[in-house]
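# Chain and residue survey
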Amino acid sequence: MWLIGARGSVATTVIAGCAAVAAGLHPPTGMVTETAPFDGVPLPPLSSLVFGGHDTATYPLLKRAEELAAGGVLPYGLPHAVRAELAAADEEIRPGGPLPGDGRGDRELVTAFTADLRAFVETHALDRTVVVNVASTEAWVEGTGAGGPDPGVGVGVGVGVDEGGTGGDRLPASSLYAHAALRAGCPYVNFTPSAGLHHPLIQQMAVCSGLPYAGRDGKTGQTLLRSVLAPMFAQRALPVRAWSGTNLLGGGDGATLTAPGAAAAKNAGKARVLADNLGATPPGEVHIDNVPALGDWKTAWDHVAFEGFLGNRMILQTVWQGCDSALAAPLVLDLVRWIAAAHAAGLSGPLPLGFYFKDPDGGPAALAGQYAELLTLAHALRTRR
């Protein structure tokens, strides 16, 4: 597993959590692949996973894990218990980019990232490497279907990576990493709302790559609830008059999402699940507020105004409080196992993994239908053994 944003909270929780579950220190809570309906699917065991990645940060993984334990994200004592696994992953994290002052163009960066991936595969004699983007959310990019335009925030798309991209028009970092994954022959998962493979300059390359991929933007909390509740209103013929929401969060995500462009990209999937299930996006907005004191914890409120029999007006309110990293980590581990199994089976293109994403590539919008797709994929992988 090659993690983009490998020193962040999600990646650190993934690495520490995988080691803990593989060693039997903790149960695989939240990992759908470890439940009975998926017995017999040829998924790689957690003990077989090797970790590396890219990041622009340089602080050690163990230090980050200790900070997460101090904040209640990781269990007390876990960083020490899995320090060998954290140290091994730390050795395989390479400098990301572009960093301020880096004079390399897009082509040079992609070449460097590709070389890092190929060296990782060769050093560990790996069967395959799955690249997973768990980095901070980027601003909306025109033509990717993510978010919406924001005045003053944008990424030029006029110069392709093959032309160098050394001028003012540059690919976003997420797309540089995604392009490197394709060049290195690595399947790809985009757990963020950033452009990644959806950038118009490399989207067709992904389709023609012969590799499996999945995304976009992990569905961990508020949108998970929406994908369950919205179908309920539609199926029970209860018109939704308005649907509003608020998110309070801290940590790196809270700081990143204060940028309007990043917030627009994040909110796109939240709106899409309502539009897909209700037939149209109801009035209402989602607000994201940075509350540094919350750290890696978040609170999400939803306020749904709907109409009942004889015009009776009613309200549903929900509150979701949780730790984003702990919600995301088991999903990331699931996704890597699905993608690795699909690659081993010779599958390619976007996989039917909408169960895990706010903004998937097609398929049903309701969680029940997405789960049915997951069962179908499991059957297909069993029969290809």
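Residues numbered from 1 in each chain as written. Predicted model: local features only at pLDDT ≥ 70, side-chain atom pairs only at ≥ 80, totals over all residues. Heavy atoms only, no water.

### Observations regarding the overall build of the chain
Keep this limit in mind: The helix and strand labels rest on DSSP assignments: H or I over at least four residues marks a helix, E over at least two residues marks a strand, and numbering proceeds from the N terminus. Here a residue-residue contact requires only that any non-hydrogen atoms of the pair lie within 4.5 Å. For the accessible areas, the method is Shrake-Rupley and the probe is 1.4 Å, while residue cover comes only from the protein chains on display.
Counting its secondary structure elements, the chain contains twelve helices and eleven strands. When contacts within the chain are restricted to residue pairs at least 6 apart in sequence, those whose partners lie at least 24 apart make up 78%. Accessible surface, the chain as shown: approximately 16,100 Å² in total, 55% of it carbon and sulfur.

### Comments concerning the environment of Gly218
By the element assignment, Gly218 lies in the loop between strand E6 (212-215) and helix H8 (222-235). A sequence separation of 136 residues divides Gly218 from Gly354, and the C-alpha atoms of the two residues are 9.3 Å apart. Once residues within four sequence positions are removed from consideration, Gly218 is found in contact with Phe191, Tyr356, Phe357 and Lys358.

### Comments concerning the sheet that holds strand E3 (residues 93-95)
Note the threshold: By the convention used here, strands pair only if DSSP detects at least 2 bridges between them. In this description, a line fitted to the C-alpha atoms serves as the axis of each element, helices being fitted only across the stretch in contact, and the angle between N-to-C directions of two axes falls anywhere from 0 to 180 degrees.
Taken together, the seven strands give an open sheet; going across it, the order is E3-E2-E1-E4-E5-E6-E11, and neighbouring strands pair in parallel fashion. Single-partner strands in this sheet number two, and they are E3 and strand E11 (349-350). Where strand E2 (residues 52-55) and E3 come together, three bridges link them in parallel fashion. By the bridge assignment for E3, Gly53 is matched with Ile93. With respect to the sheet, helix H6 (residues 173-183) is in contact with strand E1 (2-4), E2, strand E4 (131-133) and strand E5 (188-190), its orientation differing from that of E5 by roughly 160°.

### Focus on the sheet that holds strand E7 (residues 240-249)
An order of E8-E7-E9-E10 is seen for the four strands of this open sheet, with the pairing classed as mixed. Pairing within the sheet leaves two strands with one partner each, and these edge strands are strand E8 (286-290) and strand E10 (313-323). Neighbouring strand axes in the sheet, compared pairwise and without regard to direction, differ in orientation by 10° on average. Both E7 and strand E9 (residues 297-307) contribute to a ladder of nine bridges, which runs antiparallel. Paired with Leu248 across the strands is Thr299, a residue of E9. Seen against the sheet, H8 touches E7, E8, E9 and E10 and runs at an angle of roughly 170° to E7. Packing against the sheet, helix H11 (residues 324-344) makes contact with E9 and E10, and its axis sits at approximately 80° to E10.

### Describing the pairing of E7
Stated precisely, the cut-off is as follows: For every residue, the accessible area (1.4 Å probe, protein chains only) is compared with the maximum for its type, and the residue is labelled buried under 20%, exposed over 50%, or partly exposed between those bounds.
Most of E7 sits inside the fold, with seven of its ten residues counted as buried. The pairing of E7 with E8 spans five bridges and is classified as parallel. When the sheet's bridge partners are listed, Leu248 is paired in E8 with Asp289.

### What about the nonpolar core?
Heads up, the rule is: By nonpolar core is meant a set of buried Ala, Val, Leu, Ile, Met, Phe, Trp, Tyr and Cys residues that side-chain atoms within 4.5 Å join together.
One finds Met1, Leu3, Phe51, Val132, Trp338, Leu353 and Tyr356 to be the most contacted residues of the largest nonpolar core, which totals 60 residues. Of all the secondary structure elements, the ones that give two or more residues to this core are helix H1 (9-22), helix H2 (61-70), helix H4 (83-90), H11 and helix H12 (367-383). When residues in this core are grouped by element, the largest group, twelve residues, is from H11. Each residue touching Phe51, except ones within four places of it in the same chain, is listed here: Met1, Leu3, Val14, Ile15, Cys18, Ala89, Glu92 and Phe120.

### Remarks on the packing of helix H5 (residues 106-123) against H6
Under the convention used in this document: Roughly parallel here means an angle under 35 degrees, roughly antiparallel means over 145, roughly perpendicular means 65 to 115, and every remaining angle is called oblique. Note: crossing handedness is left-handed where the near helix turns anticlockwise from the far helix by less than a right angle, and right-handed where it turns clockwise.
Put simply, H5 and H6 touch, their axes get as near as 8 Å, and they point 50° apart. In terms of orientation, H5 lies oblique with respect to H6. For the element pair H5 and H6, the recorded crossing hand is right-handed. When H5 is examined against H6, the residues Asp106, Leu109, Val110, Thr111, Phe113, Thr114, Leu117 and Arg118 are found in contact with a partner set consisting of Leu176, Tyr177, His179, Ala180, Ala181 and Arg183.

### Comments concerning the packing of aromatic side chains
The condition that has to hold: Centres within 6.5 Å make a pair out of two Phe, Tyr or Trp rings, where for Trp the six-membered ring is used; the pair is then stacked when the planes are under 30 degrees apart, edge-to-face when over 60, and tilted otherwise.
Evaluated as defined, the whole model comprises nine aromatic pairs. Taking 5.9 Å as the distance between ring centres and 80° as the angle between the ring planes, the aromatic pair formed by Phe233 and Trp243 counts as edge-to-face. Of this pair, Phe233 sits in helix H8 while Trp243 is found in strand E7, placing the two residues ten residues apart along the sequence. Both residues of the pair, Phe233 and Trp243, belong to the buried class. Their ring planes at 55° and their centres at 5.0 Å tell us that Phe233 and Phe306 sit as a pair that is tilted. Taken together, the residues span a long stretch of sequence, with Phe233 in helix H8 and Phe306 in strand E9 at a distance of 73 residues. Phe233 gets classed as buried once you look at its relative accessible area, which sits at 2%. Residue class for Phe306 comes out buried when judged on its relative accessible area of 10%.

### Some remarks on the pairing of E6
What counts here: Here a crossover is taken to be right-handed if, once the strands point away from the viewer, the path from the first strand over the helix to the second is traced clockwise.
By the alternation rule, side chains of E6 split into Pro212 and Ala214 and Tyr213 and Gly215, which are all buried. With three bridges connecting them, E5 and E6 associate as parallel partners. Across the sheet, Asn190 pairs through a bridge with Gly215, a residue of E6. After leaving E5, the chain enters helix H7 (residues 203-208) and then returns to the sheet as E6, a path that is right-handed. Here E6 pairs with E11 via two bridges, running parallel. For Pro212, the partnering residue across the bridge sits in E11 and is Gly349.

### Things to note about the pattern of salt bridges
Put simply, the rule is: By salt bridge we mean one thing: a side-chain nitrogen of Lys or Arg within 4 Å of a carboxyl oxygen of Asp or Glu.
One pass over the structure, following the stated rule, counts 13 salt bridges. Between Asp359 and Arg272 there is a salt bridge, and its shortest N-O distance comes to 2.2 Å. Separated by 87 residues along the polypeptide, Asp359 in the loop between E11 and H12 and Arg272 in helix H10 (residues 260-278) bring together distant segments of the chain. On the basis of relative accessibility, which here comes to 29%, the residue Arg272 falls in the partly exposed class.

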